[in-house]
Amino acid sequence: MRLLGRGGAVHAWGAVRSNRLGFGSLTLWSTANSNQPHKVDCPPDAVQVSAGSGHSAILTSRGEVWTFGQGDKGQLGHGDFKDLSSPKKVEALPPCQWLSAGSDHTLVVSKEGFVFGFGNCTYGQLGLGTRAFRVGAPKLLTAFQDLGERISKVTAGYRVSAAITDNGKLYTFGCKNYNSLGHDEQPAMVLFDYLRIGARGAQTVPKLVTALRNQPVEDIHFGTAHALAVLRDKRIYGWGTGAGYVFGDGTQNPRLKPKECVELNQYGVQKIAVGSAHAVGVTRTGSVIHWGYKEHINSFGNTFGETSKLVSPRSSSHHLNGLK
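Here is what the cut-offs are and how they apply
- Residues numbered from 1 in each chain as written.
- Predicted model: local features only at pLDDT ≥ 70, side-chain atom pairs only at ≥ 80, totals over all residues.
- Heavy atoms only, no water.
- Pairing = 2+ DSSP bridges.
- Helix = DSSP H or I, 4+ residues; strand = E, 2+ residues; numbered from the N terminus.
- Axes fitted to C-alpha atoms, helices over the stretch in contact; angles between N-to-C directions.
- Salt bridge = Lys/Arg side-chain N within 4 Å of Asp/Glu carboxyl O.
- Buried < 20%, exposed > 50% of the residue type's maximum accessible area, 1.4 Å probe, protein only.

Some remarks on the sheet that holds strand β19 (residues 255–260)
Taken in spatial order, the four strands make up an open sheet running β16-β17-β18-β19, and their pairing is antiparallel. Each having just a single partner strand, β16 (217–222) and β19 make up the two edges of the open sheet. Across the sheet, the mean angle from the axis of one strand to that of its neighbour is 15°, orientation sign disregarded. As defined by bridge partners, strand β18 (residues 236–240) adjoins β19 across three bridges and the pair is classed as antiparallel. Residue pairing across strands places Gly240 opposite Arg255, the latter belonging to β19.

Encoded structure:
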């Protein structure tokens, strides 16, 4: 877990394996956990923090990108495949405005709207037009230049990626399993098939999600085998496998292409955060709701009965003020 506090300070806690917390003084491959937040030794002007499976990335107000943690796939962007126990500036990047750390790859957006990627590209999740086990230094995604698109935001997930243009068009690329890319090309599969290497091939270049062509997208979040997108009008759409009741509709039915999450929209959800098979949303009134697998959301302290899943969205006792 990484937290960006007021004044640009970054704090972290959780598993310290692979030096993923950035404390700078932990033994490599330590299996200990840090149960209390500790300040990360990084520039004091952080404006964004993104945590992947074993690495993290920090964006500063000056547009610098700093990374640390596991680096075996090149996901730290320093031209090698070494782990780092403390944040280090990625020198090869121009000034940036957005970043996202995926399972073992990283995407960044420059202030000019160009996208750079580094790390695992086995499934084409870097959008370079090729598949590679690892890419150690930042590489430009030329596909968006060829399309004449300027990118404002990217999201790196588990073997998949997405990019949102200035005018709200959504492009996705990477592993085609479960149709979590939203292109309506492959049948959804059962959860455990997702671990099969290359089971359904790869989308190696960014491809427009045509189902949302005329509905500008504000944000997108990936679970292990599904995606939830927030449109600019705040409606939520979802697609992929439905295992774990991840769409909040009381079913586990798969969705081969984006479909409105009517139940979530009835709650007036404005912002969401998505995990492997669970999600949390904040409504326009500041209330917090959650849905998905119970074991992933029991930190709210609620008891959901005998079932291991929260079939439909449920309110938490937590309330947030000042939604931004």
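As for the sheet that holds strand β4 (residues 46–51)
Reading across the sheet, the four strands line up as β4-β5-β6-β7 and stay open at both edges, with antiparallel pairing between neighbours. Of all strands in the sheet, those with a lone pairing partner are β4 and β7 (84–89), marking the two edges. Neighbour-to-neighbour, the strand axes of the sheet open up by a mean angle of 15°, direction not taken into account.

Quick look at the pattern of salt bridges
Side chains bearing opposite charge may pair, as long as their charged atoms lie close to each other. Scanning all chains against the criterion turns up eleven salt bridges. When the shortest N-O distance is used, the salt bridge between Arg150 and Asp166 registers 3.0 Å. With a gap of 16 residues between them, Arg150 in the loop between α1 (142–147) and β12 (151–156) and Asp166 in the loop between β13 (160–165) and β14 (170–175) connect regions that are remote in the sequence. As a salt-bridge pair, Glu260 and Arg235 come within 3.9 Å of each other at their nearest N and O atoms. Of the two residues, Glu260 is situated in strand β19 and Arg235 in the loop between β17 (226–231) and β18; the sequence distance between them amounts to 25 residues. Given a relative accessible area of 26%, Glu260 falls into the partly exposed group.

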